[in-house]
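A structural walkthrough
Now for the letters of each chain:
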Amino acid sequence: VQPPEKPLQAEEWKRLRENFQSPEIFEEVMLNSMIRCNSHVDVAKSLLTCVAKSDGDVGYNLLIKYLALCVQQQKTSEICDVYDIMKMRFKTLESGAYNLLIRGLSNSDKWRMALTILEDVKKVMTPPRTSYESCIKAATQHQEMNLACELYHDMLAKDLVPTLDVLQVFFDFSRGMKDAELKKQLFGILLYLRDNQIYPHGMFMRSIKLWFESIPGENWRGHITNIKHSGKCPVCHHQLEDSNLTEEEYHILKERITADVIHGRDTFRKTTPQEFEAFQAFVEDRLPFDIVIDGLNVSHIKAKKMQCENLFHAINCLAKENARLLVLGRKHMLFNSSNWNREVMKEMQNKADFFFADNISEDDAFLLYATLKSGKHCRFVTRDFLRDHKACLSDSLTRHLFRKWQRGHQIMVFPSAEGKPFNFLPAFNYDCVVQTTGDTWHIPYKDTFEEKYSYQVPRKWLCLQRKQ
Ligand SMILES: [Zn+2]
């Protein structure tokens with residue numbers, strides 16, 4: 001339905017409603033259509049007035065839709081009115097309503113009310129990330145940086161992952177401020193990027209550069225550069241951090257992962273202790289491997305190819321270097337099918353060791369176990385990012401070591417446009433991660449942020465140095 005251009009009288013709405021094919025949902029359909037067409041709120045108001053007159057009341061569903069329209073158009077006083085009505089009529093709202101209210105109010109001069117609502121939400125549930133982000137943006141825009149930092153830490157404590165956009169506003173709105181505590185907080189955000197292996201996009205990188213250069217009395221200079229294979233920065237000649245773990249670091253990592261990921265409660269959610277024991281015995285019999293391959297994951301790389309062809313190609317590429325390969329497979333691969341050809345499977349088993357797990361097992365724990373048991377030289381192949389291992393990533397040292405090891409040992413596979421079915425991305429000599437020496441910061445960044453290409457390690461860097 002097309003909403004009217006102007007507010008209508010009750011009689012006119014009634015006539016429209018009678019002509020509508022299913023009158024019982026007329027108001028909802030009409031309001032949805034108003035949201036889509038961005039109709040004037042007065043048109044929606046006239047419809048709600050008509051409903052109130054005939055039913056004596058306006059239902060929750062209709063109020064929410066009206067609220068969405070008001071938020072879409074930044075109609076602050078209307079948003080407040082709806083909130084008053086809702087507060088009177090309903091004891092608590094659902095999270096979608098709170099989120100709308102917070103979004104609407106945080107963009108207005110009544111932004112502090114959004115904070116109050118956020119506090120109310122916290123009493124009954126974990127607010128969605130977007131609610132926090134609306135409040136943080138509002139606080140930074142009003143130069144209430146302490147408040148913004150508090151909300152940011154509160155959000156992290158609740159395991160909510162902030163978007164790059166909200167991290168960027170901290171840098172945008174702190175420009176030129178002389179405030180030691182705030183500076184510490186922004187350095188903290190950069191270290192958060194380091195710990196979580198996050199690369200800022202080009203716009204965010206620019207905000208970081210401008211903020212550094214604006215710190216009063218500190219004389220920071222930023223340059224954009226490419227780091228060569230040697231790992232030496234061409235601008236300041238600083239040598240970037242090595243990607244290798246020391247013996248001690250490797251030992252710590254291995255212990256922690258074995259304890260938490262492999263023997264922790266988490267692991268057996270998707271596999272049985274019996275199966276995992278069988279796997280351990282299998283691996284220990286054949287150690288050490290050079291490369292451990294997540295077979296199922298790699299087999300999906302090119303959708304147009306048979307799964308076993310993809311895996312076969314990967315094994316052939318990697319076996320050329322005379323490496324000892326372990327492929328983690330699933331039992332269903334052994335049943336001749338359109339994707340898993342028995343002859344090809346046989347040929348692959350001549351080139352690599354295969355372990356076939358039950359169809360429901362979780363591969364990551366197997367992958368980590370076999371790779372770490374094989375030693376420091378062993379690498380692994382998967383397109384996954386192993387992001388789910390919260391247990392082993394619970395303290396910041398282990399998290400850092402894990403990510404560093406991952407960068408240095410994970411061979412990335414991605415489809416190539418033509419020619420070869422796919423490419424491998426080798427590990428770097430230097431560590432591609434946000435890093436600092438105090439007087440320098442080196443920040444890898446991406447020109448565009450696309451989740452699709454997140455396995456690609458950036459080549460571009462922001463070099464920041466403090467001139468004495
Ligand atoms: Zn540099």
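Here the structure is a predicted model, which means the values were calculated and not measured. Residue numbering note: each chain is counted from 1, following its sequence as written. Whole-chain, interface and lining totals are the exception, using all residues; otherwise, since this is a predicted model, local features are given only for residues with pLDDT of at least 70 and side-chain atom pairs are given and counted only at 80 or more. For the side-chain quantities, the full set of heavy atoms in the structure was used; hydrogens and water were omitted.

Quick look at the overall build of the protein chain
Rule in force here: Each helix is a run of H or I in the DSSP string that is no shorter than four residues. Each strand is a run of E no shorter than two, and both are numbered from the N terminus. Each residue gets one of three labels from its accessible area relative to the maximum for its type: buried under 20%, exposed over 50%, partly exposed in between, using a 1.4 Å probe on protein chains only. The Shrake-Rupley method, run with a 1.4 Å probe, gives the accessible areas here. Residue values count only the displayed protein chains as cover. Charge assignment: positive for Lys and Arg, negative for Asp and Glu; neither His nor the chain ends contribute. Where a charge lies is defined by one atom per residue type: Lys uses NZ, Arg uses CZ, Asp uses CG and Glu uses CD.
For the protein chain, the count of helices and strands is 19 helices and 10 strands. Dimensions along the principal axes, computed over C-alpha positions, put the protein chain at roughly 85 × 70 × 45 Å. Within the span of the protein chain, comprising 468 residues, buried residues form 50% of the whole. When the accessible surface of the protein chain is summed, it comes to about 23000 Å², and 49% of that surface belongs to carbon and sulfur atoms. Here the protein chain holds 63 positive side-chain charges and 61 negative ones, and the gap between their average locations is 4 Å.

Remarks on the packing of aromatic side chains
We describe a pair of aromatic rings using the distance from one ring centre to the other and the angle between the two ring planes. Heads up, the condition is: Any two of the Phe, Tyr and Trp rings considered here, Trp counted by its six-membered ring, make a pair once their centres fall within 6.5 Å; the pair's planes then place it as stacked at under 30 degrees, edge-to-face at over 60, or tilted in between.
Under the definition given, this model contains 25 aromatic pairs. For the pair F187 and W211, a centre-to-centre distance of 6.0 Å together with 85 degrees between the ring planes defines the contact as edge-to-face. Taken as a pair, F187 in helix α11 (residues 180-195) and W211 in helix α12 (residues 202-214) lie far apart in primary sequence, 24 residues in all. Three or more aromatic residues joined by ring pairs make a cluster, and in this case those are F171, F187, F204, W211, F212, W220 and W441.

Digging into the coordination of the zinc ion
Operational definition: Any N, O or S atom lying within 2.8 Å of the metal counts as a donor, with the limit raised to 3.2 Å for Na, K and Ca; because water is left out of the atom set, some sites can appear incomplete. Irregular is the label for any site that misses the other tests, which are tetrahedral for four donors with all angles between 85 and 135 degrees, and square planar for four donors or octahedral for six when opposite donors exceed 155 degrees and the remaining angles lie between 65 and 115.
Coordination of the zinc ion by the protein comes from C233 (SG), C236 (SG), H442 (NE2) and C463 (SG), over a distance range of 2.1 to 2.3 Å. The site at the zinc ion holds four donor atoms, and with the angles between them running 100 to 114 degrees, its shape is tetrahedral. Classification of H442 by relative accessible area gives buried; the value is 1%.

Some remarks on the sheet that holds strand β8 (residues 435-436)
We apply this condition: Two strands pair under a simple rule: DSSP has to find at least two bridges between them. Every residue pair with non-hydrogen atoms within 4.5 Å of one another is taken to be in contact. Think of each axis as a best-fit line through the C-alpha atoms, taken over the contacting stretch in the case of a helix, with angles from 0 to 180 degrees between the N-to-C directions.
On the basis of which strands lie adjacent, the open sheet formed by four strands has the order β1-β10-β9-β8 and antiparallel pairing. Edge positions in the open sheet fall to β1 (220-226) and β8, since each of these has one partner strand only. The pairing of strand β9 (residues 440-445) with strand β10 (residues 460-466) spans six bridges and is classified as antiparallel. Within β10, the residue paired with I443 across the bridge is L462. Together, β1, β9 and β10 form the strand contacts of α12, whose direction differs from that of β1 by roughly 150 degrees.

Quick notes on the pairing of strand β3 (residues 325-330)
With six of six residues buried, β3 lies mostly within the body of the structure. Burial along β3 is two-sided: L325, V327 and G329 facing one way and L326, L328 and R330 facing the other are all buried. Across four bridges, the pairing between strand β2 (residues 291-294) and β3 is parallel. Its bridge partner lying in β3, I293 is registered against V327.

Section: the nonpolar core
What counts here: Buried residues of nine kinds, namely Ala, Val, Leu, Ile, Met, Phe, Trp, Tyr and Cys, make up a nonpolar core once their side-chain atoms join them within 4.5 Å.
In terms of nonpolar packing, the biggest core is built from 80 residues, with W13, M34, F170, F171, L190, I208 and F212 touching the most fellow members. Ranked by residues supplied to this core, first place goes to helix α4 (residues 60-72) with nine residues. Contacts of M34, omitting those with residues within four sequence positions, involve P3, W13, S39, V43, A44, L47 and L69. Grouped together as the second largest cluster of nonpolar side chains are 26 residues, F276, V283, F355 and W405 included.

Digging into the pattern of salt bridges
Side-chain pairs of opposite charge can arise where the charged atoms are in close proximity. Condition: Salt bridges, as used here, are contacts in which a Lys or Arg side-chain nitrogen is within 4 Å of a carboxyl oxygen on Asp or Glu.
Tallied over the full model, the rule gives 21 salt bridges. For R194, the salt bridge is made with E241, and the minimal N-O distance between the two is 3.0 Å. With R194 in helix α11 and E241 in the loop between β1 and α13 (247-262), this pair connects stretches of sequence that are 47 residues apart. K331 is the salt-bridge partner of D358, the closest N and O atoms lying 3.0 Å from each other. Placement of the pair is D358 in the loop between β4 (353-357) and α18 (363-374) and K331 in the loop between β3 and α17 (342-351), with a sequence separation of 27 residues.

Some thoughts on the packing of helix α1 (residues 10-19) against helix α2 (residues 26-37)
What counts, and what does not: When describing relative orientation, an angle under 35 degrees is termed roughly parallel and one over 145 degrees roughly antiparallel, while 65 to 115 degrees is termed roughly perpendicular and anything else oblique. Under this grouping Gly is polar, as are all residues other than the nonpolar Ala, Val, Leu, Ile, Met, Phe, Trp, Tyr, Cys and Pro and the charged Asp, Glu, Lys and Arg.
Put simply, α1 and α2 touch, their axes get as near as 10 Å, and they point 105 degrees apart. Classified by the angle their axes make, α1 and α2 are roughly perpendicular. Residues W13, L16 and R17 of α1 touch α2, and the partners they reach there are F26, E27, M30 and M34. Across the contact of α1 with α2, the residue classes break down as five nonpolar, no polar and two charged.

Here's the deal with helix α16 (residues 307-319)
We count it as follows: A helix is expected to span 1.5 Å multiplied by its residue count minus one.
Between its terminal C-alpha atoms α16 stretches 18 Å, which fits the 18 Å expected from 13 residues at 1.5 Å a residue. Within α16, the full set of buried residues consists of Q307, C308, N310, L311, H313, A314, I315 and L318.

Details of the packing of helix α10 (residues 164-172) against α12
Note the following rule: Helix crossings fall into two classes, left-handed where the near helix is turned counterclockwise from the far one by less than a right angle and right-handed where it is turned clockwise.
Close contact between α10 and α12 brings their axes to 8 Å; oriented N to C, the two are set at 20 degrees. Between α10 and α12, the angle is such that the two are roughly parallel. The hand of the α10/α12 crossing is left-handed. For the pair α10 and α12, the contacting residues are L164, L167, Q168, F171 and D172 in the first and M203, F204, S207, I208 and W211 in the second.

Topic: the side chain of T371
Mapping T371 onto the fold places it in helix α18. Classification of T371 by relative accessible area gives buried; the value is 0%. With near-sequence residues (within four places) excluded, T371 lies in contact with Y250, V292, C378, R379, F380 and W405.

As for the state of the cysteines
Formally: Here, two cysteine sulfur atoms that lie within 2.5 Å of each other are counted as a disulfide.
The full count for this structure, using the stated rule, is zero disulfides. Unpaired in terms of disulfides, C317 finds its nearest cysteine sulfur in C308, a separation of 15 Å. The partly exposed category is assigned to C317, whose relative accessible area is 22%. A disulfide-free cysteine, C432 has its sulfur positioned 13 Å from the sulfur of C233, the nearest such atom. Using a relative accessible area of 2% as the deciding quantity, one classes C432 as buried.

Here we look at the environment of L462
Residue position: L462 is located in strand β10. Considering only alpha carbons, one finds L462 and V434, 28 residues apart in sequence, at a separation of 9.5 Å.

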